[in-house]
Amino acid sequence: MTHPRETELLASVPDGLYVGGQWRAASDGATLTVQDPSTGEVIKTIASATPEDGIAALDAACDAFPSWAATPSRERGEILRRAFDLLTERAEDFALLMTLEMGKPLAEARGEVKYGAEFLRWFAEEAPRIAGRYGANPEGTGRTIVSQHPVGPCFLITPWNFPLAMATRKIAPALAAGCTVVIKPAELTPLTTLAFAALLEEAGVPGGVVNVLTTHHSGAMSEPIIRDPRLRKLSFTGSTSVGIRLLEQAASGVLRTSMELGGNAPFVVFDDADLDKAVDGAIAAKFRNIGQACTAANRFIVHASVAEEFAVRVTERVAAMRVGRGTEDGVAIGPLIDDRAVAKADELVTDAVAHGATVLAGGSAVEGPGTFYLPTVVSGVTAEADIWREEIFGPVLAIATFSDEDEAVALANDTEYGLVSYVYTESLSRGQRMIERLETGMMGLNVGVVSNASAPFGGWKMSGLGREGGAEGIHEYMQTKYTMTESPA
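Description of the structure in this document. (Residues numbered from 1 in each chain as written. Predicted model: local features only at pLDDT ≥ 70, side-chain atom pairs only at ≥ 80, totals over all residues. Heavy atoms only, no water.)

What about the overall build of the protein?
Here is the rule: Secondary structure elements follow DSSP: runs of H or I of four or more residues count as helices, runs of E of two or more count as strands, with numbering from the N terminus. In this description the radius of gyration comes from C-alpha coordinates, and the expected globular size is given by 2.2 Å times residues to the power 0.38. Remark: exposure states derive from per-residue accessible area (1.4 Å probe, protein chains only) relative to the maximum for the residue type, with buried under 20%, exposed over 50%, and partly exposed in between. Note on definitions: a residue-residue contact is assigned when non-hydrogen atoms from the two residues lie within 4.5 Å. Accessible surface is estimated by sampling points in the Shrake-Rupley manner with a 1.4 Å probe; for residues, cover comes only from the protein chains shown. Only four residue types enter the tally: Lys and Arg on the positive side, Asp and Glu on the negative side, with His and both chain ends excluded. Where a charge lies is defined by one atom per residue type: Lys uses NZ, Arg uses CZ, Asp uses CG and Glu uses CD.
A tally of helices and strands in the protein yields 16 helices and 24 strands. In terms of overall size, the protein behaves like a compact globule, its C-alpha atoms giving a radius of gyration of 23 Å where 489 residues would be expected to give roughly 23 Å. Viewed in the frame of its principal axes, the protein has a C-alpha envelope of about 70 × 65 × 40 Å. The burial tally for the protein puts 57% of its 489 residues in the buried class. Within the protein, counting contacts between residues at least 6 apart in sequence, those at least 24 apart form 73% of the total. Of the roughly 18900 Å² that the protein leaves accessible, carbon and sulfur atoms contribute 52%. Here the protein carries 41 positive and 63 negative side-chain charges, and the mean point of each set is 6 Å from the other.

This is the structure:
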């Protein structure tokens, strides 16, 4: 049963689609239910959009685009700043809402609100800094003007694991650039985006600039939007397999695309590492968000001389983690998102053991209600185990060993993914070599958390295309125009 405060908060969240500045039911009256993964209980019923609703939302975004693109950049920035202020004021409500629909511990949800809000503040400041350049051509016969323009209406698809931050990380730069958006949150965690849309309206975002579609027919609703020639940008965060299908659809319209896809992050601990730092970093990199993050460390590659001590230390920390509903005090590990996530974690651990690994802590699901899996440490993992190749997306820390730097690099790069890597060493020169040699778009050097609104987030190889955040983030939503003019002389 939900607490009275939880009931009141859930009742305040809109239950309709947000199209053209209006809250409305689905065109066919269809609905979907949202569950609390810690209990399995339905916490809210909301509208489920049809393909027709999707096109209506795109219509609204297209209609609003000329006016919003012409809105002075300072004004767009001030609206985003007001949204930042409102979100900061209501941090506790948004944190609790995320915990209820996604399951993460309340302390982590508070951290996500702070992180997500920073994208609003960052891009509020970036909006008036959009600039081009002007100068004489080398021949001196004319003048070159290079200007930046909003790309147009955008379709944003966000995942379930960070319901607020993934929305702000896409919406903020789009609005700062002068684009309008249709956003589709994940079916499992749509409530935070609905509440955020209401906040944006209050902050002064005009009707049609942001449109929200919730649905349990994601593919059927999304494809007509993606294939509509009026759409000019697609941004997706999720699995690589789905990202590939979306890229195939986007190809027909030659859409600008941003793809933040899967990861298989190596966490390399050298023999000269500060083990206190490495253990703290391992806990942060692995168990943040219950391990359900694309940036989560997946493969712990530890020098053979320190592997046993590292394993003992992390196992002691992991065994002490409290498992429970995210709203309870002291809980470090909440539920996984659904039964499939629990089954996957269990299958990966079972397969690792079959290939010679040893379970040092955890290693099993927790009997319901709820979808819980014990925080787990396995050592002696080999490259033949599925856990070496597949993104775990759960609270399982898997340890393998290496003997020299070249072997560590080979093991770390032995994946089709290249989102993030983590390296622990006290050697400056070795750290610099790792920056050069590891095939990832991001790296944490003696730190276990790399995400920051001021930095470009994104990967190499099968981990995606484009960047979110930083000075680079706003350019994903802009297009360049070059104009040659006659010489003024």
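Overview of the sheet that holds strand β6 (residues 142-150)
To be explicit about the condition: Strands are treated as partners if at least two bridges between them are detected by DSSP. The axes are straight lines fitted to the C-alpha atoms, using for helices just the contacting stretch, and the angles between their N-to-C directions are given from 0 to 180°.
With antiparallel pairing, the three strands of this open sheet are ordered in space as β5-β6-β24. The open sheet terminates on both sides in strands that have one partner only, identified here as β5 (133-136) and β24 (478-486). Pairs of neighbouring strands in the sheet enclose a mean axial angle of 15°, with direction left out of account. Judged from the four bridges that link them, β5 and β6 form a sheet pairing that is antiparallel. Opposite A136, over in β6, you have R143 as the bridge partner.

A word on the sheet that holds strand β13 (residues 297-303)
Pairing in this open sheet of seven strands is mixed, and the strands run β14-β17-β18-β13-β12-β20-β21 from one edge to the other. Pairing within the sheet leaves two strands with one partner each, and these edge strands are β14 (358-361) and β21 (442-445). Between one strand and the next, the sheet's axes are offset by a mean angle of 25°, whatever the strand orientation. Two elements, strand β20 (residues 420-424) and β21, share four bridges in a ladder whose sense is parallel. Bridge pairing in β21 places Y422 opposite G444. Strand contacts of helix α10 (residues 275-287): β12 (265-269), β13, β17 (376-379), β18 (396-402) and β20, with the helix running at about 170° to β12, the strand carrying the most contacts.

Notes on the pattern of salt bridges
Side chains that differ in sign of charge can pair as their charged atoms come close. Note the cut-off: Whenever Lys or Arg places a side-chain nitrogen within 4 Å of a carboxyl oxygen from Asp or Glu, that contact is recorded as a salt bridge.
Taken as a whole, this structure holds 31 salt bridges when the rule is applied. With a shortest N-O distance of 3.3 Å, D93 and R5 are connected by a salt bridge. Of this pair, D93 sits in helix α4 (residues 91-102) while R5 is found in helix α1 (residues 4-12), placing the two residues 88 residues apart along the sequence. The salt bridge partner of R110 is E92, with a shortest N-O separation of 2.6 Å.

Side note on the packing of helix α2 (residues 51-70) against helix α8 (residues 218-227)
Describing two packed helices takes the angle between their axes plus the distance from one axis to the other. So the rule is basically this: The crossing is said to be left-handed when, going from far helix to near helix, the turn is anticlockwise and less than a right angle, and right-handed when the turn is clockwise. Only Asp, Glu, Lys and Arg are considered charged in this grouping, and only Ala, Val, Leu, Ile, Met, Phe, Trp, Tyr, Cys and Pro are considered nonpolar; every other residue, Gly among them, is considered polar.
Contact geometry of α2 with α8 gives a least axis separation of 8 Å together with a crossing angle of 35°. Regarding α2 and α8, the two cross each other, and that crossing is right-handed. Listed contacts from α8 to P51, G54, I55 and L58 of α2 are A220, M221, P224 and I225. Counted by class, the contact of α2 with α8 contains seven nonpolar, one polar and no charged residues.

Considering the layout of surface pockets
Empty space among the atoms becomes visible once a probe the size of a water molecule is rolled across them. Under the convention used in this document: Buriedness for pockets is judged along seven lines, at least five of which must meet protein on both sides within 12 Å for an open set on the 1 Å grid over protein atoms alone, while cavities are sets there where a 1.4 Å probe fits but cannot get out, and lining residues have an atom within 4 Å of a point. Grid points are joined across faces, edges and corners, and a volume is the space filled by probe spheres set on the points.
In this model, the largest pocket occupies a volume close to 1300 Å³. What lines the largest pocket is a set of 49 residues, among which P159, W160, G238, S239 and V242 lie closest to the centre. Those elements giving two or more residues to the lining of the largest pocket turn out to be α6 (165-177), α8, β10 (233-237), α9 (240-251) and α12 (339-354). Ranked by residue count, the leading element in the lining of the largest pocket is α9, at six residues.

A look at empty space enclosed by the protein
All told, the structure shown has three cavities of 30 Å³ or more when counted by the stated rule. The computed volume of the largest cavity comes to approximately 50 Å³. The wall of the largest cavity is formed by A284, A285, R288, A293, T295, A296, Y422, G448, V449, V450 and S451. Of the residues that constitute the lining of the largest cavity, the class distribution is seven nonpolar, three polar and one charged.

Points about unusual backbone geometry
G368 connects to P369 through a cis peptide bond whose omega is 10°. If you trace the backbone, P369 turns up in the loop between β15 (365-366) and β16 (372-373). Even without glycine at this site, V254 takes up a positive phi of about 50°. With respect to the secondary-structure elements, V254 resides in the loop between α9 and β11 (256-260). Although it is not a glycine, N289 adopts a positive phi angle of roughly 60°. For N289, a relative accessible area of 0% puts it in the buried group.

Topic: the packing of aromatic side chains
Heads up, the condition is: Between the rings of Phe, Tyr and Trp (Trp by its six-membered ring), a pair exists once the centres lie within 6.5 Å; its type follows the angle of the planes, with under 30 degrees stacked, over 60 edge-to-face, and the other angles tilted.
Applying the stated criterion across every chain yields a total of eight aromatic pairs. Judged by centre distance (4.5 Å) and plane angle (35°), the ring pair of Y18 and W23 falls under tilted. The exposure class of Y18 is buried, given its relative accessible area of 3%. Judged by its relative accessible area of 31%, W23 falls in the partly exposed class. Centroid distance F267 to F300: 4.8 Å. Interplanar angle 35°. Geometry classified as tilted.

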